[in-house]
Amino acid sequence: MTNPSAVEKGKVVGLRYTLRNASGTVLDECTDEAPMEYLHGAGNIVPGLERALEGRSLGDKLRVQVPAVDGYGERQSKGPQAVPRSAFPSDAPIEPGMQFIADEGEGRQVMLWVTKVDATTVHVDIDHPLAGVDLDFEVEIATLRDATSTEIEHGHPHGGDHDHHH
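Residues numbered from 1 in each chain as written. Predicted model: local features only at pLDDT ≥ 70, side-chain atom pairs only at ≥ 80, totals over all residues. Heavy atoms only, no water.

(A) Region of interest: the layout of surface pockets. In this structure, the largest pocket spans a volume of roughly 270 Å³. As for the largest pocket, its lining consists of 16 residues, of which Y17, D28, M36, Y72 and F137 are closest to the centre. Of all the secondary structure elements, the ones that give two or more residues to the lining of the largest pocket are β1 (11-20), β2 (26-30) and β3 (36-39). Among the residues making up the lining of the largest pocket, the classes are represented as 12 nonpolar, 2 polar and 2 charged. (1 Å grid on protein atoms, 1.4 Å probe; cavity = no way out; pocket = protein on both sides within 12 Å on 5 of 7 lines; lining within 4 Å. Points joined across faces, edges and corners; volume = space filled by probe spheres on them. Helix = DSSP H or I, 4+ residues; strand = E, 2+ residues; numbered from the N terminus. Nonpolar A, V, L, I, M, F, W, Y, C, P; charged D, E, K, R; others polar.)

(B) Main features of the environment of G79. Checked against the element boundaries, G79 lands in the loop between β4 (61-66) and β5 (81-84). G79 gets classed as buried once you look at its relative accessible area, which sits at 9%. The sequence separation of G79 and D127 amounts to 48 residues, and the corresponding C-alpha distance is 7.9 Å. Discounting chain neighbours no more than four positions away, the residues touching G79 are V124 and D125. (Buried < 20%, exposed > 50% of the residue type's maximum accessible area, 1.4 Å probe, protein only. Contact = heavy atoms within 4.5 Å.)

(C) Just unusual backbone geometry, in detail. Positive phi outside glycine occurs at E106, with the angle close to 55°. Relative to the assigned elements, E106 resides in the loop between β6 (99-105) and β7 (108-117). For E106, a relative accessible area of 77% corresponds to the exposed category.

(D) Local environment of the environment of K78. Here K78 is to be found in the loop between β4 and β5. Relative accessible area serves as the criterion here: at 87%, K78 is assigned to the exposed category. Placed 34 residues apart in sequence, K78 and N44 show a C-alpha to C-alpha distance of 27 Å.

(E) View of the side chain of R85. Note on placement: R85 falls in the loop between β5 and β6. Among buried Asp, Glu, Lys and Arg side chains, R85 stands out as unpaired, with D91 the closest opposite charge at 7.2 Å. A polar contact is formed between the side chain of R85 and the backbone oxygen of P89, at a distance of 3.2 Å. (Lys, Arg positive; Asp, Glu negative; His and termini not counted. Salt bridge = Lys/Arg side-chain N within 4 Å of Asp/Glu carboxyl O. Polar contact = N/O pair within 3.5 Å; in protein donor to acceptor, adjacent residues only side chain to side chain.)

These values are about where atoms sit, not about what they do.
Structure follows, in structure tokens:
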């Protein structure tokens, strides 16, 4: 049986957080009334932060410094590659920050992030935009509950009503 007051596998954890890079620039934050939820143990957040939250309790506030290797990983590519805009559906709105799954052939797929778009070219990168970046989180555990069997099966939380279909 799980401990209802500790962050552990099978718990839905709601976080309020501020994420900064090493120079202190805010990269992302969730400080609203509604915290960002994730399913602990399902790989929904970066590994370094998930490990730091293990065993913590509701209401805990902590600062976690996550090296790039335990965050979004080190950079693997040489940088963005230019792809003709015509390789994408003509009616698809494409913007920097969007993600796509591309087929590499022989059943292999790769995740791509759009870094830049102009009239004829879309620049994509196989590295997450925060790859190679050391991360500095200020985190508060705002909510904590047992995941439903459906959430565990799907590998992510389903929000306030806990009912979601795929």
